[in-house]
Amino acid sequence: IAAQWVPGLSRLSGHIMDLTADFIVENEANPRSFEIQGLANLLWAWATTGRAHDEAFRIVSQCMIQKSDQHLDDGSDPRDFLKPQGWSNSVWSFATARIYEGHEELLEYLASLLHKYPWFVQSCNSQDVANTVWGIATLLSNKRVNLGEVVPKRERNAALSILRPLLLSVAQCQAEKFNPQ
């Protein structure tokens, strides 16, 4: 019996993912009721199901930034809502979905978070680091630029501002664990 309903359920799930993206884009909906992790999960779901929509990705990532700024403006403790997993999954989702435009503001914002909140780097686990590094490398290596041009300086600087502290943190962690025999 399961063999009969699984394909139908799969098609229905894909249709729901498409409708969600279309609704957000067509209505310029800002899913304000979602928290940052929920928005990141939406990007992840679209990416992993192969149902990516460029404009929906842009809108949702901008909503993540707005939601974060709103919490900061409200005086909330950043440790309560700035979780590395959501931000790393968002970078990973853009890359996995092969959406090579529209992520620039997300990278710049993530770079500013890492600069402003050094504890944010220390709260990253190995999966967060791996997702972020792979996502940035994939996004920048697939950026559409004219022959002879390079990735725009603003985007390169944001990427470097993210990668530098993450990789330094990994190096420091490895140095602390190093046990010469």
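If you're wondering where the values come from, they're calculated on a predicted model, not measured in any experiment.

### Examining the nonpolar core
Counting residues in hydrophobic clusters, the biggest one holds 50 residues, and the most contacted among them are Trp46, Phe57, Leu82, Trp87, Phe120, Ile136 and Ile162. Within the residue set of this core, elements represented by two or more residues are helix H1 (2–26), helix H2 (36–48), helix H3 (54–73), helix H5 (84–96), helix H6 (104–116), helix H7 (118–122), helix H8 (126–141) and helix H9 (153–177). Element by element, the count of residues in this core is highest for H2, at 8 residues. Those residues within four positions of Phe120 in sequence are excluded, and the remaining contacts are Leu82, Lys83, Pro84, Trp87, Leu110 and Leu114.

### Some details on the packing of aromatic side chains
All chains considered together, the criterion is met by 5 aromatic pairs. When the centroid spacing of 6.0 Å and the interplanar angle of 75 degrees are considered together, the rings of Trp119 and Phe120 count as edge-to-face. One aromatic cluster is present, formed by Trp46, Phe57 and Phe94 through successive ring pairs.

### Description of empty space enclosed by the protein
Inspection of the entire model under this criterion finds 1 cavity of 30 Å³ or more. Estimated volume of the largest cavity: approximately 40 Å³. Taken together, Pro84, Ser88, Leu110, Leu114, Phe120, Cys124, Thr132 and Leu166 make up the lining of the largest cavity. Taken together, the elements giving at least two residues each to the lining of the largest cavity come down to H5 and H6. Among the residues making up the lining of the largest cavity, the classes are represented as 6 nonpolar, 2 polar and no charged.

### Focus on H3
Helix length check: H3, at 20 residues, gives a terminal C-alpha distance of 29 Å against a target of 28 Å (1.5 Å per residue), a fit within 8%. Residues of H3 that are buried: Ala56, Phe57, Ile59, Val60, Ser61, Cys63, Met64, Ile65, Lys67, Ser68 and His71. Just downstream of H3 lies Gly75, where phi reads positive at about 85 degrees.

### Topic: H8
Along its 16 residues, H8 runs 22 Å from first to last C-alpha, staying within 8% of the 22 Å computed at 1.5 Å per residue. Considered for burial, the residues of H8 that qualify are Asp128, Val129, Asn131, Thr132, Gly135, Ile136, Thr138, Leu139 and Leu140. By the N-cap criterion, in which a side-chain oxygen at the helix start approaches the backbone nitrogen of a residue two or three places on, H8 is capped by Asn125, the distance to Gln127 being 2.9 Å.

### What to know about the side chain of His103
Turning to its location among the elements, His103 is positioned in the loop between H5 and H6. Here Glu155 takes part through its side chain, which lies 2.5 Å from a polar atom of the side chain of His103. Other than its neighbours up to four places away in sequence, His103 contacts Phe94, Leu139, Lys143 and Glu155.

Parameters and conventions
- Residues numbered from 1 in each chain as written.
- Predicted model: local features only at pLDDT ≥ 70, side-chain atom pairs only at ≥ 80, totals over all residues.
- Heavy atoms only, no water.
- Core = buried A, V, L, I, M, F, W, Y, C linked by side-chain atoms within 4.5 Å.
- Buried < 20%, exposed > 50% of the residue type's maximum accessible area, 1.4 Å probe, protein only.
- Helix = DSSP H or I, 4+ residues; strand = E, 2+ residues; numbered from the N terminus.
- Contact = heavy atoms within 4.5 Å.
- Phe/Tyr/Trp six-rings, centres within 6.5 Å; stacked < 30°, edge-to-face > 60°.
- 1 Å grid on protein atoms, 1.4 Å probe; cavity = no way out; pocket = protein on both sides within 12 Å on 5 of 7 lines; lining within 4 Å.
- Points joined across faces, edges and corners; volume = space filled by probe spheres on them.
- Nonpolar A, V, L, I, M, F, W, Y, C, P; charged D, E, K, R; others polar.
- Expected span 1.5 Å × (residues − 1).
- Polar contact = N/O pair within 3.5 Å; in protein donor to acceptor, adjacent residues only side chain to side chain.

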